[in-house]
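# Structure at a glance
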Amino acid sequence: MTANTLPGSAVTTLGGFLRDRRARLAPDPAASGRRRTPGLRREEVALRAGVSVTWYTWLEQGRGGPPSDEVLERLSHALELDVAAREVLFLLAQHRPPPLSPTPTSAVPAALQRVLDAMTGSPAIVKTPAWDIVAWNAAATAVLADYASVPARERNVLRRMFTDPAARAHLTDWEENARFALGVLRVDIARGGGHAEAEALISELLVSSPEFRRLWAENEVRSQGFGMKRFVGSDGQALALETSNFPVEGAEGLTMIIFTPVTEADAQVVTAMIAKHALSTAKVDA
């Protein structure tokens, strides 16, 4: 076994990573010459990337200093890297992720919806960077909002928070919740290199909501992490739910938020709300 094929060598150094990815690519069927090793030759990668063979050889040998963003982008295309491999390339070469560029929000995977539906006792939703709710479970419908009954535009947390008095009335600490949501929005926009839908929403709310203008001007930033939501139910009962936020791996821009009852009493309130909603739905369908 040579040094180039030692287990793990491909992910610990730039040269090892380049060699590994080069070996994974099939040469052009029309390419001539006998090959002693699988994959592309160095000169073939260099030609694809528009760099000299000498320079590319130095990169594989750990010489010549860190390559520029432009060279790394060329190598990414030449080696046919996916998003994850491109990120590893930049991390190994420059010790930082690739430059940000706006990317569209992914669709909700069917497997993720199945995860939501399996959580029968905890409301759970999936949001975009613009705080559009794009997936939810039955518990969320009963406790948070009946998202399926309203147009997609009205499933936006920020629009409801700043323009819908009924939605605001259910939050015990409205202003803290609003600050949190806006702080997360800032981070999500920056992390994604921009987000057209979020920026359009900001422009809309700056015009329509004086409270949005006031809080947005504070320039606060927040991490999603964990938190607490306190609600007043339609029947006047208090309800406390812990929030846990998880970026959805493999689905760009989506975050899953799970609302977990804090106490046994909170769990009983959630159970009662779910049962009440299920009963009312059954009566409508009957």
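These notes cover the structure that comes with them. (Residues numbered from 1 in each chain as written. Predicted model: local features only at pLDDT ≥ 70, side-chain atom pairs only at ≥ 80, totals over all residues. Heavy atoms only, no water.)

This part takes up the packing of helix α2 (residues 42–49) against helix α3 (residues 53–60). Following both chains from N to C, one finds α2 and α3 inclined at 115 degrees, their axes separated by 9 Å at the closest point. Comparing the axis directions of α2 and α3 gives the class roughly perpendicular. As for the relative orientation of α2 and α3, their crossing is right-handed in sense. Here R42, E43, V45 and A46 of α2 lie close against α3, whose contacting residues are V53, Y56, T57 and E60. Along the lines of polarity and charge, the residues of the contact of α2 with α3 split into four nonpolar, one polar and three charged. (Axes fitted to C-alpha atoms, helices over the stretch in contact; angles between N-to-C directions. Helix = DSSP H or I, 4+ residues; strand = E, 2+ residues; numbered from the N terminus. Parallel < 35°, antiparallel > 145°, perpendicular 65-115°, else oblique. Left-handed = near helix turned anticlockwise from the far one by under 90°. Contact = heavy atoms within 4.5 Å. Nonpolar A, V, L, I, M, F, W, Y, C, P; charged D, E, K, R; others polar.)

Attention shifts here to the side chain of T141. Residue position: T141 is located in helix α7 (residues 138–143). When residues no more than four places from it in sequence are discounted, the contact partners of T141 are W136, D146 and H277.

Let us look at the nonpolar core. Ranked by size, the top nonpolar core spans 38 residues in total, and within it I125, W131, L158, F162, L182, L185 and L239 carry the most contacts. For this core, the leading source of residues is helix α10 (residues 174–191), giving eight residues. Residues in contact with L182, not counting those within four places in the same chain, are L158, F162, F212, L215, W216 and E220. Of all hydrophobic cores here, the second largest spans 22 residues; its members include Y56, L79, F90 and L92. (Core = buried A, V, L, I, M, F, W, Y, C linked by side-chain atoms within 4.5 Å. Buried < 20%, exposed > 50% of the residue type's maximum accessible area, 1.4 Å probe, protein only.)

The phi torsion at W131 lies on the positive side, around 70 degrees, for a residue other than glycine. The backbone of N219 shows a phi angle near 55 degrees, a positive value even though the residue is not glycine. Here N219 is to be found in the loop between α12 (210–216) and β3 (226–232). A residue is classified by how much of its surface remains accessible, and N219, at 52% relative accessible area, is exposed.

Take α10 next. Between its terminal C-alpha atoms α10 stretches 26 Å, which fits the 26 Å expected from 18 residues at 1.5 Å a residue. Buried within α10 are the following residues: W174, N177, A178, F180, A181, L182, G183, V184, L185, R186, D188 and I189. Next to the buried residues of α10 lie β1 (124–127), α8 (157–163), α9 (165–169), α11 (196–208), α12 and β3. (Expected span 1.5 Å × (residues − 1).)

Within this structure, the stated rule accounts for 18 salt bridges. One salt bridge connects E60 with R42, and the closest N-O pair in it is separated by 2.9 Å. Taken together, the positions of E60 in helix α3 and R42 in helix α2 put the pair 18 residues apart, joining distant regions of the chain. On the accessibility criterion, E60 (3% relative accessible area) is buried. In this structure, the salt-bridge partner of R168 is E211, at a minimum N-O distance of 2.5 Å. Of this pair, R168 sits in helix α9 while E211 sits in helix α12, placing them 43 residues apart in sequence. (Salt bridge = Lys/Arg side-chain N within 4 Å of Asp/Glu carboxyl O.)

What follows covers the environment of E154. Along the polypeptide, E154 turns up in the loop between α7 and α8. Considered as a pair, E154 and D132 are 22 residues apart in the sequence and their alpha carbons are 8.5 Å apart.

Time to look at the sheet that holds β1. A sheet is described by the order of its strands in space; here five strands give the open sequence β2-β1-β5-β4-β3, paired in antiparallel fashion. Only two strands of the sheet have a single partner each, and these edge strands are β2 (133–136) and β3. With direction set aside, neighbouring strand axes in the sheet form an average angle of 30 degrees. Strand direction decides the pairing type here: β1 and strand β5 (residues 255–261), joined by four bridges, are antiparallel. Bridge pairing in β5 places K127 opposite T255. Sheet strands in contact with helix α6 (residues 110–118) are β1, β2 and β5, and its direction is about 55 degrees off that of β2. (Pairing = 2+ DSSP bridges.)

Bringing the pairing of β2 into the picture now. In terms of strand pairing, β1 meets β2 through three bridges, oriented antiparallel. Within the sheet, the bridge partner assigned to V126 lies in β2 and is A135. Between the antiparallel neighbours β1 and β2 lie five residues, among them W131 with a positive phi of about 70 degrees.

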